[in-house]
Amino acid sequence: GVGMGMTAPVSITAFPTEDGSFQQKVKVSLRILSQFQANPPCPTDESIKIEERQGMTIYSTQFGGYAKEADYVSYAAKLKAALGSDAAYCKDFYLCNGYDPPMKPYGRRNEVWFVKE
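So, how was this worked out
- Residues numbered from 1 in each chain as written.
- Predicted model: local features only at pLDDT ≥ 70, side-chain atom pairs only at ≥ 80, totals over all residues.
- Heavy atoms only, no water.
- Helix = DSSP H or I, 4+ residues; strand = E, 2+ residues; numbered from the N terminus.
- Buried < 20%, exposed > 50% of the residue type's maximum accessible area, 1.4 Å probe, protein only.
- Contact = heavy atoms within 4.5 Å.
- Areas by Shrake-Rupley, 256 points an atom, 1.4 Å probe, with all protein chains shown as cover.
- Expected span 1.5 Å × (residues − 1).
- Arc of directions from axis to C-beta.
- Salt bridge = Lys/Arg side-chain N within 4 Å of Asp/Glu carboxyl O.

S.K.: With reference to specific residues and values, describe the overall build of the chain.
M.R.: The number of helices and strands found in the chain is one helix and five strands. Walking the chain from its N terminus toward its C terminus, one meets helices and strands in the order β-β-β-α-β-β. If you line up the chain on its principal axes, its C-alpha atoms span 45 × 35 × 25 Å. Counting the 117 residues in the chain, one finds 26% classified as buried. A sequence separation of at least 24 residues applies to 63% of the contacts in the chain between residues at least 6 apart. Here the chain displays about 8300 Å² of accessible surface, and carbon together with sulfur accounts for 53% of that area.

Here it is, written out as structure tokens:
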């Protein structure tokens, strides 16, 4: 019963297939506002879970525009190539982040994150 509004970034955990595309399973995460961090409201929908994300070190790349799955896949491939074979990061998933409301037409910010192991 508590409205929290939209937070940024909206983070999608992608689980890539062999060819780099997304599996049908993705996880969408929203940051809980600071005022609700200590005692977040309980979701009324059973499919919504409250999860604490630990601090992490990431490898990141940024791009603009209205991001689609193909954009995230493409930038993930570019980040992977830039890192080469020596960088240690989780290969089972990566995070796709969008920072802007849907109605913002210009200056949009999107990022792909690989979590360092």
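S.K.: Account for helix α1 (residues 69-83), with residues named and values stated.
M.R.: The terminal C-alpha atoms of α1 lie 21 Å apart, and with 15 residues this matches the ideal 21 Å at 1.5 Å per residue to within 8%. Burial in α1 covers these residues: Tyr-72, Ala-76 and Leu-79. In a view along the axis of α1, the buried residues occupy a sector of 65 degrees, so they form one face of it. Exposed side of α1, more than 90 degrees from the buried face: Ala-70, Ala-81 and Ala-82 are the residues found there.

S.K.: Which residues make up the pattern of salt bridges, and what values go with them?
M.R.: Working definition: two side chains of opposite charge can pair if their charged atoms are close together. Tallying each qualifying case throughout the model produces three salt bridges. Lys-27 is paired through a salt bridge with Glu-51; the nearest N and O atoms lie 3.0 Å apart. Note that Lys-27 is positioned in strand β2 (residues 22-30) and Glu-51 in the loop between β2 and β3 (58-63), a separation of 24 residues in sequence. Residue Arg-109 is joined to Glu-111 by a salt bridge in which the shortest nitrogen-to-oxygen separation is 2.5 Å. Assessed through its relative accessible area of 6%, Glu-111 is described here as buried.

S.K.: If you had to explain the environment of Lys-25 to someone new, which residues and values would you point to?
M.R.: Tracing the sequence through the fold places Lys-25 in strand β2. A residue is classified by how much of its surface remains accessible, and Lys-25, at 53% relative accessible area, is exposed.

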